[in-house]
There are 4 protein chains.
Amino acid sequence: METGRLETFSDGVFAIAATLLILSVGSNLSWTSDAQLRHELAQAWPSYVAYVVSFMTIGIIWANHHTVMNQIARADRTFLMLTVGFLMVVAFIPFPTRLVQVYIHTPNAAAATVAYGITLTLTAVMFNALWFYAARGGRLLREDADERTVRGISKTFRFGPWIYLVVTLVAVKAPAAGAIGFLLFALFWVIESSVFGRSDPASI
Amino acid sequence: METGRLETFSDGVFAIAATLLILSVGSNLSWTSDAQLRHELAQAWPSYVAYVVSFMTIGIIWANHHTVMNQIARADRTFLMLTVGFLMVVAFIPFPTRLVQVYIHTPNAAAATVAYGITLTLTAVMFNALWFYAARGGRLLREDADERTVRGISKTFRFGPWIYLVVTLVAVKAPAAGAIGFLLFALFWVIESSVFGRSDPASI
Amino acid sequence: METGRLETFSDGVFAIAATLLILSVGSNLSWTSDAQLRHELAQAWPSYVAYVVSFMTIGIIWANHHTVMNQIARADRTFLMLTVGFLMVVAFIPFPTRLVQVYIHTPNAAAATVAYGITLTLTAVMFNALWFYAARGGRLLREDADERTVRGISKTFRFGPWIYLVVTLVAVKAPAAGAIGFLLFALFWVIESSVFGRSDPASI
Amino acid sequence: METGRLETFSDGVFAIAATLLILSVGSNLSWTSDAQLRHELAQAWPSYVAYVVSFMTIGIIWANHHTVMNQIARADRTFLMLTVGFLMVVAFIPFPTRLVQVYIHTPNAAAATVAYGITLTLTAVMFNALWFYAARGGRLLREDADERTVRGISKTFRFGPWIYLVVTLVAVKAPAAGAIGFLLFALFWVIESSVFGRSDPASI
């Protein structure tokens, strides 16, 4: 099977999941006519930060998925089903994002941040499953797959789940630190790939 | 008519319907500031299961639609309208999913599960209508359609509606058993196509 | 400008507008734990009918847009902006659909049905503007545009706004009759194009 | 990296962000069974105007993004990340649109309109970042990029953020004037590009 339609479907889910994030920005506003809107909008800053972190995270996943698919020549049914499972976890991200937006300033912050962290950890796990299923023994790779890129992906991907897991464990005790961890990790990715990746042709 | 734009539109509806499922996860949460969030999130497990079953079901429909379209060379207006009808039922799935999420633990579980089952039965019926309209006498098939795949699709598709109907009838009396039935059927498809379908080149 | 990306964007809006319709199915349900769900689901039948009519209407618009774009070779900025205006009205359809779903059984049925009719009338007007801008003097048509199809589109499109306008005027006095009118018109289109259009190669 | 999948993803976000705008039309309605629907629908006109302005604005951004991408041959990771950032701001537009729809007739009109203006200003800033990163020294431009178009884009884009900033500052003191400003600027773009751009082949 060609991977074209697989990418269309995946891009659709990435784009929708990212765009749906906006629906929960403003969950903290009262939406009443006697609101102190200016004050409420200022207070709602964690809502915007959570939007930015989740949007960036999905954007990075999309960019990485692109890098991965560039090395892959064909798909089989197992790969198709792994992709569906992977997209299922990505499409789940708006829910814990909303939890964080609503609860970050309450005693429930830990539960919300941990739910967020578990979702991101699972996303990284599924992305690994997808990749290593395709790459093991070159099963679905292109004939002319760039070996350096393939090894680069394998090396980087392995760390993902562990980093998310560690930040999630931090969030159990210190939800604010956990939230900052997710923000920093997304920022790191953006900066790493846009500044350092720029000079490295293999990173695309 | 070429089938390219038909696939783009279909993939769009599949991707959106699947991604919209997330909007109703959390329907059972109180979203109040004094919530026992950790407890509520644990209690909401049927909500996640329903999300997974519906997402997987739409994912399988998407993968099968892909297999079907691979055998089809062109579309006429009847096929176009059958596709619209088919997508209409697929896009309906988020509604009964939400019913199940909200009502599975209440005396209304039967009504919710039956509504879910009727929707999936109709989806299977419309998918059959689509396929047999295209396949009858090779009407819209490719010149070089793989005969084994064509017969394989015809054989498998015929069962779909009946299985969903039976599980729906079970759900009338035993909603929990019905819900488990829908889960098992989705799991069966995922495992069947990813494990057994792997070695069978015709299954893609 | 090539029309490829124009079609992708249009197909995206059509697919999303159609799929978003599901969000308002169930507006009439109480969603409380002591609901008489079976009874409520039966009572909500106008909600399903409205979903079907709007989904079919958007599906027909999509199919017709496809037919139209098949005759068009290129786009200019005016055509681009007319397309944006056209999509803006199509994407508006979920709002009056929800009005009809919520108010069809109340004294507000007329206002809801008229709002629905105005939206569909505007959609037909914008579709005409789009088509006649492209077709006048063959401005954006393909060199080898099928003359019979071009004349067929022009002839059919001209009627659209007037029919929707008449049904809308009926809805002012008799909302139920208006609603049935919109249903019949959508059905007419589906049947006309799938049964009669089948034997007519020019209709695609 | 080819820009094809970048455009698919961008078009997806544009289409979804524009179509989601419909969800907040009707925020001002009471949705109760004893509503004076006709009266409420008439009163809600700012809601429709805000929908039109935001939809047109996203439509113009989409058309301009198309013009820009036509001059660009390839993408690197920095460009990818800038695109994600740009789309993040575009996908944010539905939120301040809803603020304006809900609060334009209240003492909170200034806060809502300013939030709207800041979002549009940021959109224009990000669009500039995207463009000038690609165009500086011809970094990502096509070999045969049309020099006149490139200079035209650079000249026009530079003004965008400043105009939005000025209108936003107006909105601080006079929210209604600000809202009219955003409407006029969108109208100006539509008319400018569809009337004047028509005779100018370089504008596409």
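Residues numbered from 1 in each chain as written. Chains lettered and ligands numbered in written order. Predicted model: local features only at pLDDT ≥ 70, side-chain atom pairs only at ≥ 80, totals over all residues. Heavy atoms only, no water.

Draft legend 1. Molecular detail of the overall build of chain A. What chain A contains, in helices and strands, is eight helices and zero strands. Of the regular secondary structure in chain A, the N- to C-terminal order runs α-α-α-α-α-α-α-α. Across the 204 residues that make up chain A, the buried fraction comes to 64%. Counted over contacts in chain A with a minimum sequence separation of 6, partners at least 24 positions apart contribute 79%. Side chains of chain A give 14 positive and 12 negative charges; the mean places of these two sets differ by 6 Å. (Helix = DSSP H or I, 4+ residues; strand = E, 2+ residues; numbered from the N terminus. Buried < 20%, exposed > 50% of the residue type's maximum accessible area, 1.4 Å probe, protein only. Contact = heavy atoms within 4.5 Å. Lys, Arg positive; Asp, Glu negative; His and termini not counted. Charge placed at Lys NZ, Arg CZ, Asp CG, Glu CD.)

Draft legend 2. Structural detail: the interface of chain D and chain C. Listed as interface residues are 42 residues of chain D and, on the opposing side, 35 residues of chain C. In total, about 3500 Å² of surface goes out of reach between chain D and chain C, with carbon and sulfur atoms giving 74% of it. At the boundary of chain D with chain C, the tally comes to two salt bridges. Glu7 of chain D is the partner of Arg5 of chain C in a salt bridge, and the nearest nitrogen-oxygen pair spans 3.3 Å. The tally of links between chain D and chain C comes to twelve residue pairs in polar contact (both at pLDDT 80 or more). With 14 residues, helix α3 (residues 45-70) of chain D is the single largest residue contributor to the side of chain D that touches chain C. Among the residues forming the side of chain D that touches chain C, the class breakdown is 24 nonpolar, 14 polar and four charged. (Buried area = accessible area lost by both parts, 1.4 Å probe. Salt bridge = Lys/Arg side-chain N within 4 Å of Asp/Glu carboxyl O. Polar contact = N/O pair within 3.5 Å; in protein donor to acceptor, adjacent residues only side chain to side chain. Nonpolar A, V, L, I, M, F, W, Y, C, P; charged D, E, K, R; others polar.)

Draft legend 3. Spatial organisation of the arrangement of the chains. Kept free of each other, chain A and chain C leave a smallest C-alpha distance of 9 Å between them. What separates chain B from chain D at the closest point of their C-alpha atoms is a distance of 9 Å, and the two make no contact.

Draft legend 4. Molecular detail of the relation of the copies chain D and chain C. Once turned by 90° and shifted 0.0 Å along the axis, chain D lies on chain C with an RMSD of 0.0 Å. The superposition operator between the copies reduces to a four-fold rotation axis. An overlap of only 7% is found between the interface residues of chain D and their copies at the interface of chain C, pointing to separate contact surfaces. (Least-squares fit on C-alpha atoms with pLDDT ≥ 70 in both.)

Draft legend 5. Summary view of unusual backbone geometry. The backbone phi angle of Trp31 of chain A is positive, close to 55°, even though this residue is not glycine. For Trp31 of chain A, the location among the structural elements is in the loop between α1 (4-20) and α2 (37-43).

Draft legend 6. Summary view of the interface of chain B and chain C. Between chain B and chain C, the contact holds 35 residues from the first and 42 residues from the second. A combined buried area of about 3500 Å² lies between chain B and chain C, and 74% of that area is made up of carbon and sulfur atoms. One can count two salt bridges joining chain B with chain C. One can count eleven residue pairs in polar contact (both at pLDDT 80 or more) joining chain B with chain C. Looking at the side of chain B that touches chain C, the elements with two or more residues in it are α1 (4-20), α4 (77-90), α5 (94-103) and α6 (109-135) of chain B. Here the element with the most residues in the side of chain B that touches chain C is α1 of chain B; it accounts for nine residues. Residues belonging to the side of chain B that touches chain C are distributed by class as follows: 25 nonpolar, five polar and five charged.

Draft legend 7. Structural view of α6 of chain B. Residue and element names in this part refer to chain B. Taking 1.5 Å per residue as the helical rise, α6 with its 27 residues ought to reach 39 Å, and the 39 Å between its terminal C-alpha atoms agrees with that figure. Within α6, 21 of the 27 residues are buried, which leaves the element mostly enclosed by the surrounding structure. Gly137 sits one or two positions beyond α6 and adopts a positive phi of about 65°. (Expected span 1.5 Å × (residues − 1).)

Draft legend 8. The packing of helix α3 (residues 45-70) of chain A against helix α6 (residues 109-135) of chain A, seen in detail. Residues and elements named next belong to chain A. Where α3 contacts α6, the two axes come as close as 12 Å, and the packing angle between them is 5°. Considering the angle they form, α3 stands roughly parallel to α6. Residues Val53, Ser54, Thr57, Ile61, Asn64, His65 and Val68 of α3 pack against Tyr116, Leu120, Thr123, Phe127, Leu130 and Trp131 of α6. Among the residues forming the contact of α3 with α6, the class breakdown is eight nonpolar, five polar and no charged. (Axes fitted to C-alpha atoms, helices over the stretch in contact; angles between N-to-C directions. Parallel < 35°, antiparallel > 145°, perpendicular 65-115°, else oblique.)

Draft legend 9. How the structure looks around the side chain of Ser10 of chain C. Within the fold, Ser10 of chain C resides in helix α1 (residues 4-20). Overall, Ser10 of chain C belongs to the buried group, its relative accessible area being 0%.

Draft legend 10. Expanded view of the relation of the copies chain B and chain C. Overlaying chain B on chain C yields an RMSD of 0.0 Å, the required transformation being a rotation through 90° with an accompanying axial translation of 0.0 Å. A share of only 9% of the interface residues of chain B reappears at the interface of chain C, consistent with the copies meeting through non-equivalent patches.

Draft legend 11. The side chain of Glu40 of chain B, seen in detail. Relative to the helices and strands, Glu40 of chain B resides in helix α2 (residues 37-43). Nearest to the buried, unbridged Glu40 of chain B among oppositely charged side chains is Arg98 of chain A, at 10 Å. There is a polar contact of 2.7 Å between the side chain of Glu40 of chain B and the side chain of Ser30 of chain B. Discounting residues that sit within four places of it in the chain, Glu40 of chain B has contacts with Leu29, Ser30, Trp31 and Ala35 of chain B.

Draft legend 12. Structural detail: a nonpolar patch on the surface. On the surface, Leu23 of chain A, Leu23 of chain B, Leu23 of chain C together with Leu23 of chain D cluster together into a nonpolar patch covering about 260 Å² of accessible area. In this fold, Leu23 of chain C is placed in the loop between α1 and α2 (37-43). (Patch = residues over 30% accessible without salt bridge, like charges linked within 9 Å, V, L, I, M, F, W, Y side chains within 5 Å. Areas by Shrake-Rupley, 256 points an atom, 1.4 Å probe, with all protein chains shown as cover.)

Draft legend 13. Representation of the pattern of salt bridges. If you walk through the whole model with that rule in mind, you get twelve salt bridges over all chains. Each of Arg5 of chain A together with Glu7 and Asp11 of chain B takes part in salt bridges that share partners, so that together they form one network.

Draft legend 14. Region of interest: the confidence of the model for chain A. Residues and elements named next belong to chain A. Scored by pLDDT, chain A comes out at a mean of 89, with 94% of its residues at no less than 70. Considering only residues more than four positions removed or in separate chains, one finds that residues 198-204, a stretch of pLDDT under 50, has 18 contacts. With a pTM of 0.93, the predicted complex shows an ipTM of 0.91. (pLDDT = per-residue confidence, 0-100.)

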